[in-house]
Amino acid sequence: MYLQRRNRITRRTDAIRSLVAETTLTPNDFILPIFIDEGKEIVHEIPSMPGYYRRSLDKTIEEVRTLWGLGIKSVLLFVKCDDNVKDNTGKESWNPDGLMQRAIKAIKDAVPEMIVMTDVALDPYSQYGHDGIVDIKSGYILNDETVEALTRMSISHAEAGADFIAPSDMMDGRIGAFRKALEDNGNTGVGILSYSAKYASCFYGPFRDALDSAPGFGDKKTYQMNYANRIEAINETLQDIEQGADIVMVKPAMAYLDVIREVRNAVTVPVSAYHVSGEYAMIKAAAKMGWLDEQKAVLESLTSIKRAGADLIATYFAKDVAELLG
Ligand code: PBG
């Protein structure tokens, strides 16, 4: 015979709740995506991402110093290119003097310990806003030609000083190709964070506004995953690990917590999740209307993503939360 406890002692006060909490957020959990523009002194707010900015390189450096001071250890770089360098080969993406390459060098010079991760995909460089080279006749993406272009891009990021390349393109066989090229080039210390389970999602909308990279025609369903599938995420992820990925990713995050958990259970490398632009925008919009408490919504969302199994979370809220935790 035992006495059933009606008031759970382990939930009674804030102190006890935190004593027995299974999941806690720290700035160490975060990767902060940052958007970089040409020019000087530019701090441009993204209309569909209030409170989030695209900055010129000088302003980016100031921001990165602040982030390091807040305990954020890793940034994920995205650039917005001028229309006149966009084409269907993506060749600007491996220009040694391109905006991305200059940004990597400048950040590593300013804050050498900051872990610099770089987006690898052709969309900011593509006249069609696609992640790969478009076969004009069929409208499909040319997989192998794209992998070749992205390999050159990866090498150029590595030579500029990137710590991790982060391929978000979802072409087949790319991780193996990048790993081999990095090894052959002597860039053995450069890691690969692979967007291994990246779904074709409407939640990327605000990001495409931020970088002016929306597909000019069609959608990305021939290379990004169908959101109806879970087992396929495991297949994609295991293939990427087999080919040499050091960290894997599930993207988006909140609508894919089951996928994060499945992947966490299936692999023995770090798992990251990308809390994407649309997920940021939803919370911001509801908070602006007075319909949600922003801070509570952010903490609940990010804690849930970590609880689901993400070791790392790429999120536009990283700075706010680091400030809050600080
Ligand atoms: C492009 C890329 C996208 C995002 C990261 N890299 C957009 C897309 O695939 O169309 C989305 C990030 C976000 O929405 O926050 N390769």
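Now for a look at the structure at hand. Residue numbers run consecutively from 1 along every chain, following the written order of its sequence. Reporting of local features is limited, given that this is a predicted model, to residues whose pLDDT is at least 70; pairs of side-chain atoms are given and counted only at 80 or more, and all residues count toward the totals for whole chains, interfaces and linings. To obtain the side-chain values, all non-hydrogen atoms of the structure were used and water was disregarded.

### Details of empty space enclosed by the protein
For clarity, the cut-off: Cavities and pockets were defined on a 1 Å grid built over protein atoms only: a cavity is a set of grid points that admits a 1.4 Å probe from which the probe cannot escape, a pocket is an open set flanked by protein on both sides within 12 Å along at least five of seven lines, and lining residues are those with an atom within 4 Å of any such point. Grid points are joined across faces, edges and corners, and a volume is the space filled by probe spheres set on the points. Secondary structure elements are taken from DSSP: a helix is a run of H or I of four residues or more, a strand is a run of E of two residues or more, and numbering for both begins at the N terminus. Any residue that is not Ala, Val, Leu, Ile, Met, Phe, Trp, Tyr, Cys, Pro, Asp, Glu, Lys or Arg is counted as polar, Gly included; the first ten are nonpolar and the last four charged.
This structure, assessed with the given rule, holds two cavities of 30 Å³ or more. Reported here for the largest cavity is a volume of approximately 140 Å³. Looking at the largest cavity, it is lined by 18 residues, and the ones nearest its centre are Asp123, Lys198, Tyr204, Phe207 and Lys251. Among the secondary structure elements, those contributing two or more residues to the lining of the largest cavity are β7 (191-198) and α6 (205-211). Residue classes in the lining of the largest cavity are distributed as seven nonpolar, four polar and seven charged. Within this model, the second largest cavity holds a volume of roughly 30 Å³.

### Brief notes about helix α3 (residues 99-110)
Cut-off, in case you're wondering: How far a helix is expected to stretch is found by multiplying one less than its residue total by 1.5 Å. Relative accessibility under 20% of the residue-type maximum defines a buried residue, over 50% an exposed one, and the middle range a partly exposed one, all with a 1.4 Å probe and only protein chains included. Note on definitions: a residue-residue contact is assigned when non-hydrogen atoms from the two residues lie within 4.5 Å.
Between its first and last C-alpha atoms α3 spans 16 Å; for 12 residues at 1.5 Å apiece the expected length is 16 Å, and the two agree. Among the residues of α3, Leu99, Met100, Gln101, Ala103, Ile104, Ile107 and Lys108 are the ones counted as buried. On its buried face, α3 sits against β1 (30-37), α2 (57-69), β4 (74-79), β5 (115-120) and α4 (143-160).

### Concerning the pattern of salt bridges
So the rule is basically this: We count a salt bridge whenever a side-chain nitrogen from Lys or Arg sits within 4 Å of a carboxyl oxygen from Asp or Glu.
For the coordinates displayed, the defined rule picks out 22 salt bridges. A salt bridge links Arg179 to Asp246; the shortest N-O distance between them is 3.4 Å. One end of the pair, Arg179, is in helix α5 (residues 174-184); the other, Asp246, is in the loop between α7 (231-243) and β8 (247-251), and 67 residues separate them in sequence. Using a relative accessible area of 13% as the deciding quantity, one classes Arg179 as buried. Bridged by salt links that share partners, the residues Arg55, Glu63 and Lys319 form one connected network.

### What about the packing of α2 against α3?
Quick note on the threshold: For helices, the fitted axis covers only the stretch in contact; all axes are lines through C-alpha atoms, and the angles between them, taken along N-to-C directions, range from 0 to 180 degrees. Comment on the angle field: the value is read as roughly parallel under 35 degrees, roughly antiparallel over 145, roughly perpendicular from 65 to 115, and oblique elsewhere. Should the near helix be turned anticlockwise from the far one by less than a right angle, the crossing is termed left-handed; should it be turned clockwise, right-handed.
Running from N to C, α2 and α3 cross one another at 40°; their axes reach a closest spacing of 10 Å. Taken together, the axes of α2 and α3 are oblique relative to one another. Between α2 and α3 lies a crossing whose hand is right-handed. Taken together, the residues of α3 that come into contact with α2 (itself represented by Leu57, Thr60, Ile61, Val64 and Arg65) are Arg102, Ala103, Ala106, Ile107 and Ala110. Within the contact of α2 with α3, the residues separate by chemical class into seven nonpolar, one polar and two charged.

Coordinates in, geometry out; function isn't part of it.
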